[in-house]
Amino acid sequence: MLSSASTDVVRATLPVIGAAIDDITPVFYRRLFAAHPELERDLFNRGNQAQGDQQRALAAAIAGYATLLVAEQGPDPRAVLARIAHKHASLGITAEQYPIVHEHLFAAIAEVLGEAVVTPEVAAAWDEVYWHMAQSLIEIERGLYTGAGVAPGEVWRTLSVRRRVQEAPDTVSFVLEVLDGAALPPARPGQYVSVAVGLPDGARQIRQYSVTHVPDEKSVGISVKAVPAVRSGDALVPAGEVSNFLHDNVFEGDELEVSAPFGELVLTDGEAPLVLVSAGIGITPVICYLHHLRRTSPHREVLVLHADRSPARHAHRAELKALVAELPAATLHRWYEDLGTRRADAHLRPGRIDLTDVELPAGAEAYLCGPLPFMAHVRRQLIDRGLAAHRIHFEVFGPSRELESA
C-alpha cells in the first residue's frame, strides 16, 4: 500500500487531479505519440483514439485505482486490474513500456495543473500511485504470460485461414490453424485473441475477437463483424479499420498474426444454473460457452437469451439453435426487432429484450455479452428479478464502472 504520507496527499489532491484527469489524458497521448509515433501506428487502437474512448478509459482507470488505494475500507485495488492486465497481455505489453507511459503522463499532469498544484510533494505521492498500479499490472501480466506458456510479450503466432464462412450479411467466421504443427495455448470458454493486420498505410493495427470454438489443439475459431461508419451527433465515427480489412481481404490460405488467448469473462465450472444473455455479435462468447458445456457438462441447466435486429442478421443463428438442442437442460429465447413473416411465440418474440415473463432459474450465474446499453438494461432487469449483482458477469472494453452504476 501507499506510505501514510503519500496517502494523505493523494486523498487531499484526488478531487483536483480527478476533476482534471479528462484534460490530462489527451495531453498525455499527444506527448506520447509525438515521442513514439510507432505506438499510435502499431499498438494503440486508432479508432478509439479518434473518438476519445482510450483517453476516457485511461482516465477512469487512474482515478478509480487511486480512489480505491486511499479508501479506508473497500476492495483491494489490484482486484480491479484483471481486465486491464488481460488486455495488455493480449497486446504483448511488457514491463519495459511502463516507464515510457510514466514519463509522458507526469509531464502532462505538470503541464495541465502547473507547479502551483503539482508541488514536489504532490508529484512524489502520485508517482507512488502510478508505480503501485504499474507494478501490480506487471505482476498480473507476468502470471498471464506464464499461464499461456509464453515469455512476456511473446504472444504472437502466424496462423493460416483454414475456413471462412459468411455467418450474416455483416459477419464472417474464420477457423485459423497453425503452420508449424505446434499446439496453440488452450483457450478457456469466454476468452479472446488479438488479431494484428498490416493496413495499406503501413500501420499495424490490433483488435480483439472472442474465441467461438476450438476445433482441436492446433486451430481456433473467431467471428468478425464489419463495423460500419456511423454518425454520432455532428461527428462521423469512421468504419472499423481491422474488421473491414478482414472482411475485404482475408480468405482461405491467407495468414494472420494472432495472439495467445486472454480474457477474464471465463465460464465457471460447477452445477449452478447458467443464464447466458447476448445481443448482436455478443453471441460469439455464448457460442463458445455452449460448445464447452456440450463437451463437459451437457446436463447443466442453461437459459440462453439472445436479442438481434432480425433473423437474417443473427450471426451463428443455426449453430446457436443446434447447440441448445444438444443440451437436454437448455432453453433458448430470442427477440428480434424485425420478426419479418415469422409468428411470435413463447420463445420467439418481437421487439427488444424483456425478461418480465421469462422464468429465471434460482441461484443462477449470469453472463452478459453485447453493447454497453444492452448489458446495462439487462443487468438492471436481472437485479430487479432478484439475481444478486455479484452473480452477474460481463466484460466491457472500457471502464466497467459505467455498467455497474447504470
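None of the values given here were measured: they were computed from a predicted structure.

Take the overall build of the protein next. When helices and strands are counted, the protein shows 12 helices and 14 strands. In summary, the protein has a C-alpha radius of gyration of 22 Å against a globular reference of 22 Å for 406 residues, a match within 12%. Buried positions account for 50% of the 406 residues belonging to the protein. Considering only contacts in the protein between residues 6 or more positions apart, those separated by 24 or more positions represent 72%. In the protein, 37 side chains carry a positive charge and 51 a negative one; their mean positions are 7 Å apart.

With domains assigned, the protein is organised as domain 1 (4–148), domain 2 (156–262) and domain 3 (274–395). Of the residues lining the interface, 17 residues belong to domain 1; the matching set on domain 2 comes to 19 residues. For the domain 1 and domain 2 pair, buried surface summed over both sides reaches about 1400 Å², with 50% attributable to carbon and sulfur atoms. For the domain 1 face of the interface with domain 2, the top three residues by lost area are Asp-42, Arg-46 and Ser-90, together amounting to 37%. At the junction of domain 1 with domain 2, the criterion picks out two salt bridges. Asp-201 is the partner of Arg-46 in a salt bridge, and the nearest nitrogen-oxygen pair spans 2.9 Å. Across the domain 1-domain 2 interface, the total number found is 10 residue pairs in polar contact (both at pLDDT 80 or more).

Attention now goes to the sheet that holds strand E2 (residues 171–178). Judged by pairing direction, the barrel is antiparallel, and its six strands sit side by side in the order E1-E2-E5-E4-E3-E8 before closing back on the first. Across the sheet, the mean angle separating the axes of adjacent strands is 45° when strand polarity is ignored. Examined bridge by bridge, strand E1 (residues 156–168) and E2 share eight bridges and lie antiparallel to one another. By the bridge assignment, Ser-160 is partnered in E2 with Glu-177. Sheet strands in contact with helix H8 (residues 241–249) are E1, E2, strand E3 (192–198), strand E4 (204–216), strand E5 (219–225) and strand E8 (255–259), and its direction is about 60° off that of E4.

This paragraph deals with the pairing of strand E13 (residues 365–369). For E13, the tally of buried residues reaches five of five residues, placing the bulk of the element in the interior. Where burial is concerned, the two faces of E13 agree: the one with Glu-365, Tyr-367 and Cys-369 and the one with Ala-366 and Leu-368 are both buried. The sheet contact formed by strand E9 (residues 274–279) and E13 spans five bridges and is parallel. Each residue of the ladder has a partner; that of Val-275, found in E13, is Ala-366. By the bridge criterion, three bridges tie E13 to strand E14 (residues 392–394) in an arrangement that is parallel. Residue Leu-368 lies in a different strand from E14, and its bridge partner there is Phe-394. Once the chain exits E13 it traverses helix H11 (residues 372–384) before rejoining the sheet at E14, and the crossover so formed is right-handed.

This part is about the side chain of Ser-90. Note on placement: Ser-90 falls in helix H5 (residues 82–91). Given a relative accessible area of 0%, Ser-90 falls into the buried group. The contacts of Ser-90, once residues within four sequence positions are left out, are Val-155, Trp-156, Tyr-192, Ser-194, Gln-208, Ser-259 and Phe-262.

Attention now goes to the environment of Ile-353. Counting through the fold element by element, Ile-353 comes out in the loop between strand E12 (348–350) and E13. When its relative accessible area of 5% is taken as the criterion, Ile-353 is described as buried. In this structure, the C-alpha to C-alpha distance between Ile-353 and Ile-140, residues 213 residues apart in sequence, is 37 Å. Every residue in contact with Ile-353, bar those within four places of it in the chain, is listed here: Val-277, Leu-305, Ala-307, Trp-335, Phe-374, His-377, Val-378 and Gln-381.

Next up on the list: the pattern of salt bridges. Scanning the entire structure with this criterion turns up 15 salt bridges. Between Arg-46 and Glu-241 there is a salt bridge; the shortest N-O distance is 2.5 Å. Taken together, the residues span a long stretch of sequence, with Arg-46 in helix H3 (residues 46–51) and Glu-241 in helix H8 at a distance of 195 residues. Via salt bridges that share partners, Arg-30, Arg-31 and Glu-111 belong to a single interconnected network.

The subject of this paragraph is the UniProt feature "domain: FAD-binding FR-type" (unreviewed entry) in the protein. Those residues carrying the UniProt feature "domain: FAD-binding FR-type" (unreviewed entry) are residues 154–268 in this numbering. Helix makes up 8% of residues 154–268 and strand makes up 51%, while its end C-alpha atoms are separated by 27 Å.

Let us look at the nonpolar core. Counting 54 residues, the largest nonpolar core has Val-10, Ile-24, Leu-105, Ile-109, Trp-126 and Phe-262 as its most contacted members. Those elements giving two or more residues to this core turn out to be helix H1 (4–35), helix H4 (53–70), H5, helix H6 (98–113), helix H7 (120–148) and E3. A domain split of this core shows at least three residues from each of domain 1 (4–148) and domain 2 (156–262). Among all residues touching Trp-126, those that are not within four sequence positions of it are Val-10, Thr-13, Leu-14, Ile-17, Ile-62, Ala-66 and Phe-106. Counting 23 residues, the second largest nonpolar core, distinct from the first, contains Leu-159, Val-193, Leu-199 and Val-224.

Analysis parameters
- Residues numbered from 1 in each chain as written.
- Predicted model: local features only at pLDDT ≥ 70, side-chain atom pairs only at ≥ 80, totals over all residues.
- Heavy atoms only, no water.
- Helix = DSSP H or I, 4+ residues; strand = E, 2+ residues; numbered from the N terminus.
- Rg over C-alpha atoms; globule rule 2.2 N^0.38 Å.
- Buried < 20%, exposed > 50% of the residue type's maximum accessible area, 1.4 Å probe, protein only.
- Contact = heavy atoms within 4.5 Å.
- Lys, Arg positive; Asp, Glu negative; His and termini not counted.
- Charge placed at Lys NZ, Arg CZ, Asp CG, Glu CD.
- Domains from an automatic or database assignment.
- Buried area = accessible area lost by both parts, 1.4 Å probe.
- Salt bridge = Lys/Arg side-chain N within 4 Å of Asp/Glu carboxyl O.
- Polar contact = N/O pair within 3.5 Å; in protein donor to acceptor, adjacent residues only side chain to side chain.
- Pairing = 2+ DSSP bridges.
- Axes fitted to C-alpha atoms, helices over the stretch in contact; angles between N-to-C directions.
- Right-handed = clockwise from strand over helix to strand, strands pointing away.
- UniProt positions renumbered as here; feature names shortened; annotations may be inferred.
- Core = buried A, V, L, I, M, F, W, Y, C linked by side-chain atoms within 4.5 Å.

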